[in-house]
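This is what each chain is made of:
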Amino acid sequence: AARPYANELAGIDLACIENDRPPWMFRGAFMLAKTYGLRRTVHAGEMCDEQTNLDNIYQALEQLDANGISHARPLYKKTVDGFDLVEHMIKNQVRLESNPRSNERTFGQDIAELHLDKLVEWGVLVTVNPDDPMLWPDGDTVHNLYALGVLYDKEFVDQMVANSYAAAWTGR
């Protein structure tokens, strides 16, 4: 459906309920998008138990060749079945679109448990993004950045903003 508009699009994003629809199910669409030069983001590692979340991150990276991963709550664990997720993301400049307030509100996960500071320290291109901000009044980018500023510091927030520019899908 998007083929006639491929030159006008930057990319595609897979956002669905992961429990019943793991990333591998969308491989055909993602490979087609790749042939048209579109970038690819996958919401993975958000809604399932830890092992399934890690498996979904792996599938998004290896089978869908994602340029961006949203959420990836257990990414700091680094590996799944011997595959180093973090190393792959760094080597291939795959951005992590973190959604800390969403994870806190939806799953009760303390923002510190995402270990975004470690991921940045290791070299992952972490950005901060809203996720369904209409579902709660503090889910926008400003509130996400504020929460990270309280947890870490102003320099960390500045890094997140700089990373957003570095990771932007402009200039196809």
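The structure displayed is predicted, hence computed values, not measured ones.

### Some words on the packing of helix 6 (residues 141-151) against helix 7 (residues 154-167)
As a packed pair, helix 6 and helix 7 sit with axes 8 Å apart at the nearest point and diverge in direction by 145°. Residues Leu145, Leu148 and Gly149 of helix 6 form the contact with helix 7, whose participating residues are Phe156, Val157, Met160 and Val161. In terms of residue class, the contact of helix 6 with helix 7 is built from six nonpolar, one polar and no charged.

### Overview of the pattern of salt bridges
Evaluation of the coordinates by the stated rule reveals eight salt bridges. Between Asp138 and Arg101 there is a salt bridge whose closest N-O contact spans 2.1 Å. Taken as a pair, Asp138 in the loop between strand 7 (125-128) and helix 6 and Arg101 in helix 4 (residues 100-107) lie far apart in primary sequence, 37 residues in all. The pair formed by Asp138 and Arg101 is uniform in burial state, with each residue classed as buried. Residues joined by salt bridges that share partners form a network here, namely Arg101, Glu104, Arg105 and Asp138.

### Quick look at empty space enclosed by the protein
Tallied over the full model, the rule gives one cavity of 30 Å³ or more. Put simply, the largest cavity is a space of about 50 Å³. As for the largest cavity, its lining consists of 13 residues, of which His71, Ala72, Arg73, Leu114 and Leu116 are closest to the centre. Contributions of two or more residues to the lining of the largest cavity are made by strand 6 (95-98) and helix 5 (116-122). Across the lining of the largest cavity, the residue classes tally to eight nonpolar, four polar and one charged.

### Observations concerning the side chain of Ser102
Mapped onto the secondary structure, Ser102 falls in helix 4. A residue is classified by how much of its surface remains accessible, and Ser102, at 3% relative accessible area, is buried. For Ser102, the contacting residues outside a window of four places in its chain are Glu46, His71, Phe107, Asp131 and Trp136.

### With respect to the nonpolar core
With 34 residues, the main nonpolar core has Ile69, Leu75 and Leu96 as its most contacted residues. When contributions to this core are tallied by element, the ones reaching two or more residues are strand 2 (39-44), helix 2 (50-62), helix 3 (85-91), helix 5, strand 7, helix 6 and helix 7. Per-element accounting of this core gives the leading share, four residues, to helix 2. Other than its neighbours up to four places away in sequence, Leu96 contacts Ile69, His71, Ala72, Leu75, Met89, Leu116, Leu119, Val124, Leu125, Val126 and Thr127.

### Examining the sheet that holds strand 3 (residues 68-71)
Sheet architecture is open: five strands sit in the order 1-2-3-6-7, paired in parallel fashion. Looking at which strands have only one partner, the edges of the open sheet turn out to be strand 1 (11-14) and strand 7. Averaged over all pairs of adjacent strands, the angle between strand axes in this sheet comes to 20°, irrespective of strand direction. Of the strand pairs in this sheet, strand 2 and strand 3 are connected by four bridges, and their pairing is parallel. The residue of strand 3 that forms the bridge with His43 is Ser70. Strands strand 2 and strand 3 of the sheet are contacted by helix 2, whose axis makes an angle of about 170° with strand 2.

Criteria and cut-off values
Residues numbered from 1 in each chain as written. Predicted model: local features only at pLDDT ≥ 70, side-chain atom pairs only at ≥ 80, totals over all residues. Heavy atoms only, no water. Axes fitted to C-alpha atoms, helices over the stretch in contact; angles between N-to-C directions. Helix = DSSP H or I, 4+ residues; strand = E, 2+ residues; numbered from the N terminus. Contact = heavy atoms within 4.5 Å. Nonpolar A, V, L, I, M, F, W, Y, C, P; charged D, E, K, R; others polar. Salt bridge = Lys/Arg side-chain N within 4 Å of Asp/Glu carboxyl O. Buried < 20%, exposed > 50% of the residue type's maximum accessible area, 1.4 Å probe, protein only. 1 Å grid on protein atoms, 1.4 Å probe; cavity = no way out; pocket = protein on both sides within 12 Å on 5 of 7 lines; lining within 4 Å. Points joined across faces, edges and corners; volume = space filled by probe spheres on them. Core = buried A, V, L, I, M, F, W, Y, C linked by side-chain atoms within 4.5 Å. Pairing = 2+ DSSP bridges.

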